[in-house]
Amino acid sequence: MDLFDTATVLTRVMTSGVVMSIEKSDRELPGLERLLTKKTGRSKAVLLNSRSAAVHAALAGQGIGHGDTVHRPGLAEKDLAFLSWLGISVAQDSPEGTVPAFDHFSLDPANAADLGELAAAATAPALVVDLTGIGFGPAAAVLTDDPKVWARAERLKIFGAYDLRTMWTQQEEAADLVPGVQFNYRLSPLVAACIRMALGQAVRPLTTTGAEK
Amino acid sequence: MITDFPDRPLPLPDEADLAAELAAFGGGQMIPKELRRTIFPVITKEDVFNLMLAQRSTPEKVVADFAEAYRAYVGANYALPTASGTSSLHLALVGAGVQPGDEVIVPAFTFIATAQAVVAAHAIPVFVDIDPHTYCMDPEAAAAAITDRTRAIMPVHVHGLPADVTALRALADSRGIAFVEDASHAHSAKVAGQVAGSFGDAAGQSLMADKNFPLGGEGGIAFFKEEASYERAVEYVRRHGIDYEMSWVAAAFGASQLKRLPYYDEVRARNAALLGEALNETGLFRAPYVPEGHVHAYNMYRITLRPEEAGLEDLPVWAVKEAVHELLVAEGVPAREWQNTPIPCHLPFQHRLGFGNGYPFTLNPGAVRDHKPEDFPVTLGMLDSTLVLCRELRSPVEYERALRYADAFRKVARRPDAIRKLVEDRDYVRPYEKAARLG
């Protein structure tokens, strides 16, 4: 994405006056969620403010927490350190019949167009997509087809509230949806808007000037 | 069309509007629906331009320049920009030396993030009651809660009024524990000219876009007195693989906003003073208490009800509050409760699952209490008897809008009969009997 496009997006969102994730009228976060679910073929997306937040949400979404063990070969040292901080043990094997706790990949301008293919290759119930490399600061998403994973992950990032728009009550029909520890892992709508434009452009074939059409 | 303006300017105050029937009973609204728009944050053309310029810098420099500019403004020694207020509090605690299983004393009245940041640090929040005048942590209650496993006290400068930092600092020093500020509401708040965030061994502060000092969406910052504390926090996130960095987009927006923060602070102070004077004249309402030498930032403006001044002392104060709330909202002043239950009675601190299987609460079972709302009588008394203005006064609203707020309170205060009628007609319940609300 070139500087002019970023300038256009930032100006558009700032002109709307809505730069806060918990604004009822925010359209940028739902816009990025829609784009990610469409491109990855998953039904639900949770936007988060960093990769480690997304790893946390992917695990908490499945009810995996302190004292649990996951099968997840091939994690980098940084991810292993983070899981250790969460109190989750990592078995490097993948015995018959187990699925990895989460899949993950990182997008950057060079591979942003491959999002669909990368997602298609993932099999875990939660997919962590690190969006930091797109260039607008730390950002990530969890993609899933499991409504419960989505519901728990959303609540982890906003202090147990249902969602960004009805934030402020924790009353639940299902008590197991209320997270114990809770964070603010919310993504800024300004950042989401820029990422959305970058991902949207990444799949388009390169166009040159209008005169050559 | 996208516009920052309401449909029309608000009409100037008119004595006839004050004498009219209450809006809840069919009269005119003090602030008509189509004229209620209040903008926050205020985003100007220089904010847009500064974001354009930031694209031409490196992300690291944009964030570092912002953090340095704001550190200097606050007068703190070291600053660590983060992704949110919660993460800043987490790192403030870590920097102050909080270890897994330690106890950290926090007020029962705050936003839940204060206590969750303690859990994030793998420590145990120990809740104490508040001062009946400032609504901030009661130093005596804090002193009574200290054990040999207490590592820190973390008062909150609630709504933007600094806590009793002199007493709390002395308490921490005398007991050899750390003093950590939750300055999330208290941008530019001061005691004797010193800015909140610079009093403690460490401090955390939210910079999300509904704070007096807003960043571009989400952000936070931790401050430290000693270099060793700063280094401890930096090393902690690296060692544990935690991504708490601030986005350059949020930082660039904040760097631009910082230049106008003193201007907006002055407008907020002007409007708060104007409204406070009007409230204190009504009898029924009382403006927020501000101790001598303290500067309140007014991120929120909590108004106390005094039913006895309006001949309503025979009614429960919480029912009077509910009725007044209903009447004010009908007039076009969206007052709020902003919380209805002490934090230790929220589900996460009743269930205490923590990170899973009860961690970190299992590290220190002796610090854990099954609290009931009645354990915090001062907090309950405040929740029963107060209402809050949030964005309506945080926004640097027009002079005539502030005047109309004042008139809405005057109009309601003139009608104890209407308050009494609502209390009789409705089935109001005490605040904490409703589902716990985060805000």
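Keep in mind the model is a prediction, meaning the values are calculated, not measured.

**What to know about the overall build of chain A**
When its secondary structure is counted, chain A shows 7 helices and 6 strands. Moving toward the C terminus, one meets the helices and strands of chain A in the order α-α-β-α-β-α-β-β-α-β-β-α-α. Buried residues in chain A amount to 51% of all 213 residues. A separation of at least 24 residues holds for 69% of the contacts in chain A among residues at least 6 apart in sequence.

**Focus on the overall build of chain B**
When its secondary structure is counted, chain B shows 16 helices and 13 strands. A compact globule built from 439 residues would reach a C-alpha radius of gyration of about 22 Å, and chain B, at 22 Å, matches this within 12%. Taken over the C-alpha atoms alone, chain B extends approximately 65 × 55 × 40 Å along its principal axes. Out of the 439 residues in chain B, the part that is buried amounts to 57%.

**As for unusual backbone geometry**
Residues and elements named next belong to chain B. A cis amide bond links Phe40 to the next residue, Pro41, at an omega of -10 degrees. Omega for the bond connecting Tyr359 with Pro360 falls within 30 degrees of zero, at 10 degrees, which places this linkage in the cis form. A positive phi angle is found at Arg352, which is not glycine, with a value near 55 degrees. With respect to the helices, strands and loops of the structure, Arg352 is situated in the loop between helix 12 (347-351) and helix 13 (377-385).

**A closer look at the interface of chain A and chain B**
Opposite the 51 residues of chain A that make contact, chain B presents 52 residues. The set of elements that each furnish at least two residues to the side of chain A that touches chain B consists of helix 1 (3-16), helix 3 (51-61), helix 4 (77-86) and helix 7 (189-202) of chain A. Ranked by residue count, the leading element in the side of chain A that touches chain B is helix 1 of chain A, at 8 residues.

**Remarks on the sheet that holds strand 7 (residues 194-195) of chain B**
Residues and elements named next belong to chain B. Within the open sheet, the 3 strands sit side by side as 7-6-11. Their pairing is antiparallel. Edge positions in the sheet fall to strand 7 and strand 11 (294-295), since each of these pairs with one other strand and no more. Two elements, strand 6 (residues 190-191) and strand 7, share 2 bridges in a ladder whose sense is antiparallel. Following the sheet pairing, Val191 is matched in strand 7 by Gln194.

**Some remarks on the pairing of strand 12 (residues 301-305) of chain B**
Residue and element names in this part refer to chain B. Most of strand 12 sits inside the fold, with 5 of its 5 residues counted as buried. Of the two faces of strand 12, the one lined by Tyr301, Ile303 and Leu305 and the one lined by Arg302 and Thr304 are each fully buried. Both strand 10 (residues 285-286) and strand 12 contribute to a ladder of 2 bridges, which runs antiparallel. Considered in strand 12, the bridge of Phe285 is made with Leu305.

**Regarding the nonpolar core**
One broad trend across soluble globular proteins is that nonpolar side chains are buried collectively. Within the largest apolar cluster, 214 residues are counted, with the highest numbers of intra-cluster contacts made by Leu48(A), Ala57(A), Ala141(A), Val142(A), Cys194(A), Ile195(A) and Leu93(B). Per-element tally for this core: the top contributor is helix 7 of chain A, with 9 residues. Looking at which domains feed residues into this core, each of domain 1 (15-39 + 261-339 + 381-433) and domain 2 (45-259) of chain B gives three or more. Leu93(B) has contacts with Val98(B), Val104(B), Ala117(B), Val118(B), Ala121(B), Ala123(B), Ala152(B) and Val180(B), leaving out every residue within four places of it along the chain.

**Focus on the environment of Val191(B)**
Positionally, Val191(B) belongs in strand 6. A sequence separation of 199 residues divides Val191(B) from Cys390(B), and the C-alpha atoms of the two residues are 23 Å apart.

**Description of the packing of helix 2 (residues 28-40) of chain A against helix 7 of chain A**
Residues and elements named next belong to chain A. Contact geometry of helix 2 with helix 7 gives a least axis separation of 8 Å together with a crossing angle of 35 degrees. Helix 2 and helix 7 meet at a crossing whose hand is left-handed. Between helix 2 and helix 7, the contacting residues are Glu28, Leu29, Gly31, Leu32 and Leu35 on the first element and Pro189, Ala192, Ala193, Ile195, Arg196, Leu199 and Gly200 on the second. Here the contact of helix 2 with helix 7 is composed, by residue class, of 8 nonpolar, 2 polar and 2 charged.

**Here's the deal with helix 6 (residues 147-157) of chain A**
Residues and elements named next belong to chain A. With 8 of 11 residues buried, helix 6 is to be regarded as a mostly interior element. Considered for burial, the residues of helix 6 that qualify are Val149, Trp150, Arg152, Ala153, Glu154, Arg155, Leu156 and Lys157. Phi turns positive, to about 55 degrees, at Phe159, one or two residues after helix 6.

**Some words on the sheet that holds strand 10 of chain B**
As summarised here, the arrangement of the 3 strands in space is 10-12-13 (chain B), forming an open sheet in which the pairing is antiparallel. Of all the strands in the sheet, just strand 10 and strand 13 (386-389) of chain B have a single pairing partner and so form its edges.

**Examining the pairing of strand 3 (residues 124-128) of chain B**
Residue and element names in this part refer to chain B. Within strand 3, 5 of the 5 residues are buried, which leaves the element mostly enclosed by the surrounding structure. Alternating residues of strand 3 divide into Ile124, Val126 and Val128 and Pro125 and Phe127, and every residue in both groups is buried. Pairing of strand 2 (residues 103-107) with strand 3 involves 5 bridges; the strand directions are parallel. Directly across from Glu103, in strand 3, lies its bridge partner Ile124. Following the chain from strand 2 across helix 5 (residues 113-120) to the adjacent parallel strand 3, one finds a crossover that is right-handed.

**Thoughts on the domain arrangement of chain B**
Residue and element names in this part refer to chain B. The assigned domain composition of chain B is domain 1 (15-39 + 261-339 + 381-433) and domain 2 (45-259). Between the C-alpha centres of domain 1 and domain 2 the distance comes to 30 Å. With 19 residues of domain 1 in contact, the opposing surface of domain 2 contributes 24 residues. Of all elements in the fold, only helix 10 (261-282), strand 11, helix 13 and helix 14 (391-394) reach the threshold of two or more residues within the side of domain 1 that touches domain 2. For the side of domain 1 that touches domain 2, the residue count by class is 10 nonpolar, 5 polar and 4 charged.

Conventions we followed
- Residues numbered from 1 in each chain as written.
- Chains lettered and ligands numbered in written order.
- Predicted model: local features only at pLDDT ≥ 70, side-chain atom pairs only at ≥ 80, totals over all residues.
- Helix = DSSP H or I, 4+ residues; strand = E, 2+ residues; numbered from the N terminus.
- Buried ≥ 20, exposed ≤ 12 C-beta atoms within 10 Å, placed from the backbone.
- Contact = placed C-beta atoms within 7 Å.
- Rg over C-alpha atoms; globule rule 2.2 N^0.38 Å.
- Pairing = 2+ DSSP bridges.
- Core = buried A, V, L, I, M, F, W, Y, C linked by C-beta atoms within 7 Å.
- Domains from an automatic or database assignment.
- Axes fitted to C-alpha atoms, helices over the stretch in contact; angles between N-to-C directions.
- Left-handed = near helix turned anticlockwise from the far one by under 90°.
- Nonpolar A, V, L, I, M, F, W, Y, C, P; charged D, E, K, R; others polar.
- Right-handed = clockwise from strand over helix to strand, strands pointing away.

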